[in-house]
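Take a look at the letters that make up each chain.
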Amino acid sequence: MTTQKFMGRNQLIDRLAAQVGNRDTAIGILQKRGHLKADGKTLTAEGQKRNMMTAEERAIDRATKRTGETAQNFKYNPKTNRATFRKK
């Protein structure tokens, strides 16, 4: 899987480009989300924050925002790029 090599920090654009198939589409998505400025090169403050996260941290962040639960309640699966509830 090509996205598996872009799991670390500072790889937000490269990872999304690998997921969607090309860099231009990835840049458009990030601009719509407000993570990238109109020039297509400069990250916004929110984009810089997301870029400093690993893929795991971003997945857990999405899950906590969606559910309101704490980050410790989630387990990350790198194959699906999703965070799910930890089993008790």
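These numbers come from a predicted model, not from an experiment.

A. Inspection of the side chain of arginine 50 at higher detail. Structurally, the position occupied by arginine 50 is in helix H3 (residues 45-51). For arginine 50, a relative accessible area of 9% translates into the label buried. Not counting residues within four places of it along the chain, the set of residues in contact with arginine 50 comprises Leu12, His35, Arg58, Asp61, Arg62 and Lys65.

B. How the structure looks around the nonpolar core. By size, the foremost hydrophobic cluster in this structure holds nine residues: Leu12, Ile13, Leu16, Ala17, Ala26, Ile27, Leu30, Leu36 and Leu43. Of the residues forming this core, the biggest block, four residues, is contributed by helix H1 (residues 12-20). With sequence-adjacent residues up to four places away left out, isoleucine 13 is seen in contact with Arg23, Ala26, Leu30 and Leu36.

C. Focus on the pattern of salt bridges. Inspection of the entire model under this criterion finds four salt bridges. Two residues, arginine 23 and aspartate 14, come together in a salt bridge whose shortest N-O distance is 2.9 Å. Classification of arginine 23 as partly exposed rests on a relative accessible area of 44%. Across the pair aspartate 61 and lysine 65 runs a salt bridge, and its minimum N-O distance is 3.2 Å.

Cut-off values and rules
Residues numbered from 1 in each chain as written. Predicted model: local features only at pLDDT ≥ 70, side-chain atom pairs only at ≥ 80, totals over all residues. Heavy atoms only, no water. Helix = DSSP H or I, 4+ residues; strand = E, 2+ residues; numbered from the N terminus. Buried < 20%, exposed > 50% of the residue type's maximum accessible area, 1.4 Å probe, protein only. Contact = heavy atoms within 4.5 Å. Core = buried A, V, L, I, M, F, W, Y, C linked by side-chain atoms within 4.5 Å. Salt bridge = Lys/Arg side-chain N within 4 Å of Asp/Glu carboxyl O.

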